[in-house]
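# Fold and contact review
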Amino acid sequence: MFRATLKSLLARKVRLLLSGLAVVLGVMFVSGAFVLTDTLGRSFDAVFADGFSEVDVNVAAKPKIAVKEAEGEQVAAPVPTSVLDRVKAVPGVAEAKGVVNADGARLIGSNGKVVTSFGPPQIGENWLGESDLVQLREGRAPQADDEIVVNVALANAAKVKVGHRVGVLTLAPKKEFTLVGVFGYSGGRDSMGGVNEVAFTTPVAQQLMLGKPDAFSSVTVQAADGTTPETLRDEVARTVGGDYEVKTGKQVAADASAGLKEGLAFFNKILLGFAAVALLVGTFLILNTFSIIVAQRTRELALMRAVGASRRQIIGAVVLEAIAVGLIASVFGLAAGIGIGALLAWAFGNLAGGLTLAGIGVPAAAVIGAFSVGLVITVVAALLPALRASRIPPIAAMQDVATPDRPLTRITVAGTLVTAVGAALLFLGLSGNARGNTLTTILGGVLFAFIGVALLTPLISRPVVSLLGAIFAWSVPGKLGRLNSGRNPRRTAITAAALMVGIALVTGVTVILDSAKGSISALAKDTIKAELVIAGVQGGPRPPSFDPAVLDKATALPGVQLVDGEYGDMAVVNGQRTWVAASSNIAALERIFGAKPTAGDISRLGPDQMLFSSDTAKSRGVSVGSTVTVQLSRGEARTYTVSGIYESSQLTNPVVLPPQAARDFAIPQPIQGFVQLAPDTRVADVQPQVERLLADSPEVSVADRDAFIKQQTGSLDGLLQMIQILLALAIVIAVLGIVNTLALSVLERTRELGLLRAIGLRRAQTMRMVTVEAVVISVFGALLGVAVGSGLGAAVVRALKDEGIKDLILPWGQMGVMLGLAAIVGVVAAVLPAIRAARINVLGAIAHE
């Protein structure tokens, strides 16, 4: 049996190629994700290890607010100069330095725009001199308060040179400095991990980056000869006390790298999720391929049974073919994944501003994942055809190889049950009753829904395909193609279901995001009563900000009725992490954002008073007159009195503090501004004047309300495009499925095609017949995908009604485009099978059995 199986596999190597290619693409995604995250993880390890290579012990104050990686940069609590003096006196300390190092120093380039960073922080620091790691490439160290040096990467990005006057944004508004030097790192590196760095004199760095003099972000210590870092760490910790975190340089490097690796792990899960979609589609393709091959080998398998092969041997033979396909596909998929992972790592390194990559490695997870996924997918997909092959009776060796259609009762009942399970899981997940497993429940519901619909598809395939094929029934090739596409409902259904999955996901995500955009836009237009908005596009963890002096100047402009500046920060309110806001003009809460008071007075706010939204007040158990303790990113905790409560809405903040509190925010500058005009004042008259006021705040611009709303919802368009690109792989695999099905179908119908050619069907007509069949199957799959995706998207939108997504928007235009593209895909998929069908030797085909 082994030799017979091997011969069968070699005889059908071309037939199995496309199904194997589907596994290759899926395995490539899986292994590529592991190679990418492993390479980047080791690269970050190297960057931080190098950055702290000259540090034996590091002393830092515990942060006031713990900030997650996705929420922005951690604001370091200041370390007083007195702590530096105490550390210097510890036995075993060779040298101790006070370090200022904080995110938020944005250099304005020669074009007048801020140099942006997509990921790495923009560090402002004090210049500590040259070392084995840091070397001046040009110029000299900063000596005066208006002098700075920057790293080579930032100088190149900003297109500035030594001697230029440049603007820098920090905790303070724009200030002018003279660039007196440019520095780099050992090994010819222009930056450390793509970070942009601006170095000031120590007093200036303390004031601009920390907001207070005589303080540092941390103290770095070098141990004297004969003292180990661990011993010195313990001694320094006893000296400075429990308010400070004292770690070795290696510990700090490991902790910093671990924080970034958490983000990489999340990214890895996203990539693996899309890989799972591709593999699900590939499963349909492999199932269809093996089903067709088993049907074509009915007489061969029956002969094997007749000469003594057992059912177990028949199953083993088919499964062995699947294992061979899986192994070969896994090898090629792993190789392709290594290449893709390396390419993505290179792209990420360049996007991050020149991250020096560690050598490309192949982690064990990539190898194990590649072969596990490749083998499991192919074997599972081949099990049903294998069982079907084992049931072929020996008598079939003397009968025609054609296999009659089986009743659809069982598969329809199974599809109904599986779909019901999927619907139940989706209901539990979307209604919030999943008991902490919401995401898992929803994903399980989507999976069961797809499988259920795929099982139900044969029931509707014949009538729907017949209806779609009627469009082409005006010619003989069109009629034949229509009949061929509906002659085997199961085969047509599986092929269409593969295309359905990718298109359903694209459609569903589009419905959700378009509905979110529409709902947000409608809510903002109805709520925001400001004609002009000052804001910028956030490209990293830190939102753009502007000079608060702009608010007072804008208030004095003719035709301006009300101006409000909005500040925001993460805080701890009565022991719970909460997003808080501060408003420069509390009257805007009612007059611009339409907030309605439910208790107390929300029209004014004293320096020791605060406001709560009704939902937050209820959940925290506070009311008017309650005292609340608030810890902000800077300064000490303060106690405020609740003076008012306003009705909650999607556009109001949960907590509002007085404007004086913004001094202790992580970003003590307004991040948005709203300008309300007097009646009969034209936007075109005021907008240019506000633009001139923002000349020294290049991170932001002023736009009318509609343009602002479009700018804020534009990020959803980018998210949609990214999802569509990642799901394109699943659609490519589905196209391969159509090609494979048609190729096997042409081979199966060799004699039939020969007879058609013999009675007068020309080559061109034969090609048109195969093309019609492909187009009908493709459009059928796209139609299923659009219907299922719309249903899933509508269900999610309905579940998010209480979150503010109230308008269901169906992307009719995009749906039409997808159906049109499906027809084109069908034409492309039919090219090779149609050519093969047209080239069939008529006499040889008639004699074919």
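Let me begin by describing the structure that accompanies this report. Along each chain, residues carry numbers from 1 onward, in the same order as the chain's sequence is written. For this predicted model, a pLDDT threshold of at least 70 governs which residues receive local features, and a threshold of 80 or more governs which side-chain atom pairs are given and counted, while totals over whole chains, interfaces and linings are taken from all residues. No hydrogens and no water enter the side-chain calculation; it runs on all heavy atoms of the structure.

### Let's talk about the overall build of the protein chain
Looking only at helices and strands, one finds 24 helices and 24 strands in the protein chain. The C-alpha extent of the protein chain, read off along each of the three principal axes, is 100 × 75 × 50 Å. In the protein chain, of all internal contacts separated by at least 6 residues, the share reaching a separation of at least 24 is 81%. Each accessible area value is a Shrake-Rupley result obtained with a 1.4 Å probe; residue values ignore everything except the protein chains displayed when judging cover. Looking at the protein chain as shown, the accessible area adds up to about 37900 Å², and 61% of this sits on carbon and sulfur atoms. None of His or the chain ends enter the tally, which takes Lys and Arg as positive and Asp and Glu as negative. Charge coordinates come from a single atom per side chain, which is NZ of Lys, CZ of Arg, CG of Asp or CD of Glu. Charge-centre separation for the protein chain: the mean point of 74 positive side chains lies 17 Å from the mean point of 64 negative side chains. The numbering of helices and of strands both runs from the N terminus, where a helix is a DSSP run of H or I of at least 4 residues and a strand a run of E of at least 2. By definition in these notes, contact holds between two residues if any of their heavy atoms fall within 4.5 Å.

### A short note on the side chain of Q687
Here Q687 shows up in helix α18 (residues 683-693). In this view, Q687 contacts L532, V702, A703 and D704; residues no more than four positions away in its chain are not counted.

### A short note on helix α5 (residues 202-210)
Residue burial is assigned from relative accessible area. The probe radius is 1.4 Å, only protein chains are included, and a residue is buried under 20% of its type maximum, exposed over 50%, and partly exposed in between. Within the span of α5, buried status applies to V204, A205, Q206, L208, M209 and L210. Close packing links the buried residues of α5 with β4 (101-103), β6 (122-126), β10 (175-185), β11 (196-200) and β12 (215-216).

### So, the nonpolar core
Working definition of a nonpolar core: buried Ala, Val, Leu, Ile, Met, Phe, Trp, Tyr and Cys residues. They are joined through side-chain atoms within 4.5 Å. Membership of the largest hydrophobic core comes to 99 residues, with the highest contact counts inside it found for F284, F450, M500, V501 and I733. Top element by residues in this core is helix α7 (residues 249-296). It accounts for 14 residues. F450 has contacts with L280, M500, V501, A504, L505, V788 and L792, leaving out every residue within four places of it along the chain.

### Here's the deal with the pattern of salt bridges
Take a side-chain nitrogen of Lys or Arg and a carboxyl oxygen of Asp or Glu: if they are within 4 Å of each other, that pair is a salt bridge. According to the stated counting rule, one finds 16 salt bridges in the structure shown. Between E95 and K97 there is a salt bridge; the shortest N-O distance is 4.0 Å. A relative accessible area of 36% places E95 in the partly exposed class. The class for K97 is partly exposed, based on a relative accessible area of 30%.

### Some points on the side chain of S43
Relative to the helices and strands, S43 is located in helix α2 (residues 13-51). Side-chain atoms alone can form a polar contact between residues adjacent in sequence; in general such a contact is a pair of N or O atoms within 3.5 Å, and within protein one must be able to donate a hydrogen while the other accepts it. Polar side-chain contacts of S43 include one of 2.7 Å to the backbone oxygen of T39.

### Concerning the environment of M815
Mapped onto the elements of the fold, M815 is located in helix α22 (residues 812-829). Remark: the alpha-carbon pair of M815 and G625, spanning 190 residues in sequence, is separated by 55 Å. Every residue in contact with M815, bar those within four places of it in the chain, is listed here: T507, V786, S790 and L810.

### Brief notes about the packing of aromatic side chains
The relative placement of two aromatic rings is captured by the distance of their centres and the angle of their planes. When the centres of two rings from Phe, Tyr and Trp lie within 6.5 Å, Trp using its six-membered ring, the rings pair. Their planes under 30 degrees apart give stacked, over 60 give edge-to-face, and anything left gives tilted. Across all of its chains, the model carries five aromatic pairs by this definition. For the pair F593 and F674, a centre-to-centre distance of 5.0 Å together with 80 degrees between the ring planes defines the contact as edge-to-face. Of this pair, F593 sits in the loop between α16 (588-591) and β18 (597-600) while F674 sits in strand β23 (residues 672-677), and the two are 81 residues apart along the sequence. In this pair, the class of F593 matches that of F674, namely buried. Both rings, one in F674 and one in F708, keep their centres 6.3 Å apart while their planes meet at 85 degrees; by these two values the pair is edge-to-face. Of this pair, F674 sits in strand β23 while F708 is found in helix α19 (residues 705-748), placing the two residues 34 residues apart along the sequence.

### Here we look at the pairing of β23
Extensive coverage of β23 is indicated by the burial of five of its six residues. Should DSSP find at least two bridges between two strands, the strands are taken to pair. Sheet topology places strand β15 (residues 532-535) next to β23; three bridges connect them, and they run antiparallel. For L532, the partnering residue across the bridge sits in β23 and is V675. Strand direction decides the pairing type here: strand β16 (residues 560-573) and β23, joined by six bridges, are antiparallel. Residue pairing in the sheet places V560 in a bridge with L677 of β23.

### Focus on the environment of R705
Tracing the chain through its elements places R705 in helix α19. Expressed as a C-alpha distance, the spacing of R705 and A524, which sit 181 residues apart in the sequence, is 8.7 Å. For R705, the contacting residues outside a window of four places in its chain are A524, K525, I528, A530, E531 and V533.

### Examining the sheet that holds strand β1 (residues 57-61)
Hydrogen bonds between backbone groups are what pair the strands of a sheet, and the pairing can be parallel or antiparallel. With antiparallel pairing, the four strands of this open sheet are ordered in space as β3-β13-β1-β14. Two strands close off the open sheet at either side, each with one partner strand: β3 (93-99) and β14 (244-248). Adjacent strand axes in the sheet meet at a mean angle of 20 degrees when their direction is disregarded. Examined bridge by bridge, β3 and strand β13 (residues 218-223) share six bridges and lie antiparallel to one another. Orientation is described by axes fitted as lines to C-alpha atoms, over the contacting stretch for helices, and by angles from 0 to 180 degrees between their N-to-C directions.

### Looking at the packing of helix α21 (residues 763-799) against α22
The contact between α21 and α22 brings their axes to 7 Å, and the two run at 150 degrees. Here α21 lies roughly antiparallel to α22, going by the angle between them. For the element pair α21 and α22, the recorded crossing hand is right-handed. Of α22, the residues touching α21 (which contributes T771, A774, V775, S778, V779, A782, L783, V786 and S790) are M815, M818, L819, A822, A823, V825, G826 and V827. Charged residues are taken to be Asp, Glu, Lys and Arg, nonpolar residues to be Ala, Val, Leu, Ile, Met, Phe, Trp, Tyr, Cys and Pro, and polar residues to be all remaining types, Gly included. Considered class by class, the residues forming the contact of α21 with α22 number 13 nonpolar, four polar and no charged. Orientation labels follow simple angle bins: below 35 degrees gives roughly parallel, above 145 gives roughly antiparallel, 65 to 115 gives roughly perpendicular, and whatever is left gives oblique. A clockwise turn of the near helix away from the far one marks a right-handed crossing, whereas an anticlockwise turn of less than a right angle marks a left-handed crossing.

### Details of the packing of helix α3 (residues 81-88) against helix α6 (residues 229-240)
For the pair α3 and α6, interaxial distance at closest approach is 10 Å and the crossing angle is 135 degrees. Judged on the interaxial angle alone, α6 and α3 are oblique. Note on packing geometry: the crossing formed by α3 with α6 is right-handed. Along the contact surface, α3 presents V83, R86 and V87, while α6 presents V236, T239 and V240. Among the residues making up the contact of α3 with α6, the classes are represented as four nonpolar, one polar and one charged.

### Some points on a nonpolar patch on the surface
Patches here are clusters of residues that have more than 30% relative accessible area and form no salt bridge, with a 9 Å joining cutoff for like charges and a 5 Å cutoff for nonpolar side chains (Val, Leu, Ile, Met, Phe, Trp, Tyr). Residues L320, I323, L327, I328, V331 and F332 make up a contiguous nonpolar surface patch of about 510 Å² in total accessible area. In this fold, L320 is placed in helix α9 (residues 311-351).

### Focus: a positive patch on the surface
Where like charges cluster on the molecular surface, the positive patch consists of R311, R388, R391 and R410. Inspection of the secondary structure puts R311 in helix α9.

### Re helix α23 (residues 831-838)
For α23, the set of buried residues is P833, A834, A837 and A838. Viewed end-on, α23 has its buried residues packed into an arc of 135 degrees, placing them on one side of the element. Arc definition: it is the arc formed by the directions from the helix axis to the C-beta atoms.

### Observations regarding unusual backbone geometry
One non-glycine residue, D214, lies in positive phi territory at about 55 degrees. Phi at D680 takes a positive value of approximately 70 degrees, unusual for a residue other than glycine. Owing to a relative accessible area of 84%, D680 belongs among the exposed residues under this scheme.

### Observations regarding the environment of L210
Tracing the chain through its elements places L210 in helix α5. By relative accessible area, L210 is classed as buried at 9%. Remark: the alpha-carbon pair of L210 and V464, spanning 254 residues in sequence, is separated by 68 Å. Dropping the residues within four chain positions of it, L210 is found in contact with V100, L171, A205, A215, F216, S217 and R634.

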